[in-house]
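Working through the structure, step by step
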Amino acid sequence: GSGTTTRRDCPRVSLSRHTIPVKRRAVVLATVRRAAKRLAGAGVVVLGADVNAFARTNSNGTARIVVRARRRGRLTVRVRGQKAGCSATTIRAR
């Protein structure tokens, strides 16, 4: 996808970093927005590269997720409960 068209009620996830080291702990800050508003209490899920992490956003809409990728690859970051048609943000582990 080009990423220019966003579906109306899809939450958007912005990340503090897009690459993380393999086999070391990394803290990723994920900010969840719907339209321009930050979403408090949204569940953020990180999956892939032998990672399964979850965190909930605080009152500012920011979730602090500690991730340790066991192998190289792509991690997808999604908001729990979002529609299947919504796009996911990715992190690379290397």
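Our structure is the block above this text.
Predicted model only: the values in this text are computed from it and were never measured.

1. Thoughts on the overall build of the protein chain
Helix and strand content of the protein chain: zero helices and nine strands. Put simply, the protein chain runs from its N terminus to its C terminus through helices and strands in the order β-β-β-β-β-β-β-β-β. Residue burial in the protein chain is summarised as follows: out of 94 residues, 39% are buried. For the protein chain, the share of sequence-separated contacts (at least 6 apart) that also reach a separation of at least 24 residues comes to 48%. When the accessible surface of the protein chain is split by element, carbon and sulfur atoms take 44% of a total near 6,200 Å².

2. Quick notes on the state of the cysteines
A covalent bond bridging the sulfur atoms of two cysteines is what the word disulfide describes. In total, this model carries one disulfide according to the counting rule given. In this model, Cys10 is linked to Cys86 through a disulfide, with the two sulfur atoms separated by 2.1 Å. Between Cys10 and Cys86 the sulfur-sulfur dihedral comes to about -85°; the bridge is accordingly left-handed. Of the two residues, Cys10 sits in the segment before strand E1 (12-15) while Cys86 sits in the loop between strand E8 (73-79) and strand E9 (89-93), which places them 76 residues apart along the sequence. Each member of the pair, Cys10 as well as Cys86, is classed as buried.

3. Let's talk about unusual backbone geometry
Located in the positive-phi region is Lys23, a residue other than glycine, with phi close to 65°. Looking at where Lys23 falls in the secondary structure, it is placed in the loop between strand E2 (19-20) and strand E3 (25-34). For Ala35, which is not glycine, the phi dihedral falls at a positive 55°. A residue is classified by how much of its surface remains accessible, and Ala35, at 70% relative accessible area, is exposed.

Rules of the game
Residues numbered from 1 in each chain as written. Predicted model: local features only at pLDDT ≥ 70, side-chain atom pairs only at ≥ 80, totals over all residues. Heavy atoms only, no water. Helix = DSSP H or I, 4+ residues; strand = E, 2+ residues; numbered from the N terminus. Buried < 20%, exposed > 50% of the residue type's maximum accessible area, 1.4 Å probe, protein only. Contact = heavy atoms within 4.5 Å. Areas by Shrake-Rupley, 256 points an atom, 1.4 Å probe, with all protein chains shown as cover. Disulfide = S-S within 2.5 Å.

So, to be careful, I would describe these as geometric facts and stop short of saying anything about function.
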